[in-house]
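Report on the structure
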Amino acid sequence: MPQVKANGITLEYESFGPEDRETILLIMGLGAQLTMWPVELCDELVSRGYRVVRYDNRDVGLSHKFDDLGMPDMMAIFGALTTGQPATSPYALDDMARDAVGLLDALGVQHAHIVGASMGGMIAQLVATNHPERALSLTSIMSTTGNPEVPQGKPEAMAVLMTPAPEGDIPAAIERGVLAWNTIGSPGYRTDEATLRQWIARDVNRSLYPVGVARQMAAIFANGDRREKLKNVRIPTVVLHGVDDPLVPVEGGRDTAKSIPGAELREVPGMGHDCPIALVGTFADAIEAAARRAAAAKAAE
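Residues numbered from 1 in each chain as written. Predicted model: local features only at pLDDT ≥ 70, side-chain atom pairs only at ≥ 80, totals over all residues. Heavy atoms only, no water.

Details of the sheet that holds strand β1 (residues 3-6)
- Sheet architecture is open: eight strands sit in the order β1-β2-β4-β3-β5-β6-β7-β8, paired in mixed fashion. Strands at the two margins of the open sheet, each flanked by one partner only, are β1 and β8 (264-268). The mean angle between the axes of side-by-side strands here comes to 25°, regardless of whether they run parallel or antiparallel.
- Sitting on the sheet, helix α3 (residues 93-107) is in contact with β1, β2 (9-16), β3 (23-27), β4 (51-55) and β5 (112-117), with an inclination near 120° to β1.
- Lying on the sheet, helix α4 (residues 119-130) is in contact with β3, β5 and β6 (135-141); it crosses β5 at an angle near 150°. (Pairing = 2+ DSSP bridges. Helix = DSSP H or I, 4+ residues; strand = E, 2+ residues; numbered from the N terminus. Axes fitted to C-alpha atoms, helices over the stretch in contact; angles between N-to-C directions. Contact = heavy atoms within 4.5 Å.)

Some thoughts on the nonpolar core
- Within the largest apolar cluster, 37 residues are counted, with the highest numbers of intra-cluster contacts made by Leu25, Ile27, Tyr55, Leu93, Leu103 and Ile114.
- Per-element tally for this core: the top contributor is α3, with eight residues.
- If sequence neighbours within four positions are ignored, leucine 25 has contacts with Val53, Tyr55, Ala100, Leu103, Leu104, His113, Ile114 and Val115.
- Core analysis: the next-biggest nonpolar cluster, separate from the first, contains 30 residues, Trp37, Leu279, Ala286 and Ala290 among them. (Core = buried A, V, L, I, M, F, W, Y, C linked by side-chain atoms within 4.5 Å. Buried < 20%, exposed > 50% of the residue type's maximum accessible area, 1.4 Å probe, protein only.)

A short note on the pairing of β8
- Both strand β7 (residues 237-242) and β8 contribute to a ladder of five bridges, which runs parallel. Residue pairing for β8: leucine 240 is matched across the bridge by arginine 266.
- Regarding topology, helix α10 (residues 250-259) serves as the crossover connection from β7 to the parallel β8, and that connection is right-handed. (Right-handed = clockwise from strand over helix to strand, strands pointing away.)

Considering the pattern of salt bridges
- According to the stated counting rule, one finds 18 salt bridges in the structure shown.
- Salt-bridge contacts for aspartate 105 lead to arginine 134; the nearest nitrogen and oxygen are separated by 2.8 Å. Within this pair, whereas aspartate 105 is found in helix α3, its partner arginine 134 is found in the loop between α4 and β6, the two being separated by 29 residues in sequence.
- Taking the relative accessible area as the measure of exposure, aspartate 105 reaches 46% and is therefore partly exposed. (Salt bridge = Lys/Arg side-chain N within 4 Å of Asp/Glu carboxyl O.)

Here's the deal with the environment of glycine 281
- Looking at the secondary structure, you find glycine 281 in helix α11 (residues 280-300).
- In this structure glycine 281 comes out as partly exposed when scored by relative accessible area, which is 31%.
- Sequence separation between glycine 281 and leucine 208 is 73 residues, and the spatial gap between their C-alpha atoms is 30 Å.

What to know about the packing of aromatic side chains
- By the definition in use, this model includes one aromatic pair.
- Where phenylalanine 66 meets tyrosine 91, the ring centres are 5.4 Å apart and the plane angle is 50°; that geometry is what we call tilted. Taken together, the residues span a long stretch of sequence, with phenylalanine 66 in the loop between β4 and α2 (74-82) and tyrosine 91 in the loop between α2 and α3 at a distance of 25 residues. As far as burial versus exposure is concerned, phenylalanine 66 and tyrosine 91 are alike and both buried.
- Geometry around tyrosine 91 places arginine 58 over its ring, the cationic atom sitting 4.8 Å from the centre.
- The ring of tyrosine 209 has lysine 65 sitting right over it, with the charged end atom 5.7 Å from the ring centre. (Phe/Tyr/Trp six-rings, centres within 6.5 Å; stacked < 30°, edge-to-face > 60°. Lys NZ or Arg CZ within 6 Å of the ring centre and 35° of its normal.)

Considering unusual backbone geometry
- With a phi close to 55°, asparagine 7 is a non-glycine residue in the positive phi region.
- In this fold, asparagine 7 is placed in the loop between β1 and β2.
- A positive phi angle is found at aspartate 59, which is not glycine, with a value near 70°.
- Structurally, aspartate 59 is set in the loop between β4 and α2.

Spelled out as structure tokens, the structure:
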């Protein structure tokens, strides 16, 4: 896969479909590599007439690693949040949004349909709010607003989130990954064990970098409440969320849709916190719905 310089760092990316089409930019979540966007989804969107770009966020996969920043002080971050003080992190989600825009710059893409899952949804929201001139539409998937009143994930799901993969131990990291995805995955659309294990082994062997996941997590907690910013989103938006998401409860999606003017909320029974192959069409439909609304608005100008 190719790499480019974007926002002063190196990002690994992959492009599908002709470059003269409108681009859909896929932004993945906490600790997740670009490979977590199913190739089947990318191919489906290409078949619907789009170019698709997926990439590794900073500190994950084959993109730039911020080794010099070390391990974040999560206790200090949590302490600041509990006392109402601003929390600091090695870098911000706003920086990660600038990475996304920098990638578009490097690829010569002026405008794109911005799609994000989980933490990627938060980054996508910030692209839409901080860089509105670059976003044609927004699709926020299994994400939330940072509203502290939204319910937290189930204890077992939060425990998986807060337990880092073992450093340098590939077999143990694979087992941890299987446990994680069996805990947060879609109860109505289970990925079979052999396929799941194959996916996780692929990603762990591609890159195992737990400290980068910790720095991303710090950025999430330090970002705070985005609701005021989201009130300013003026592009067509679809919010897709699983009714049975144990990590980011569906109330997070509802709060996102409530915060963005004109947003469409799509709730999927049986969907958890993953992108199972069985739901590729559902994901593509949501992304295309936002893109078609953008095209209709442009045609009406």
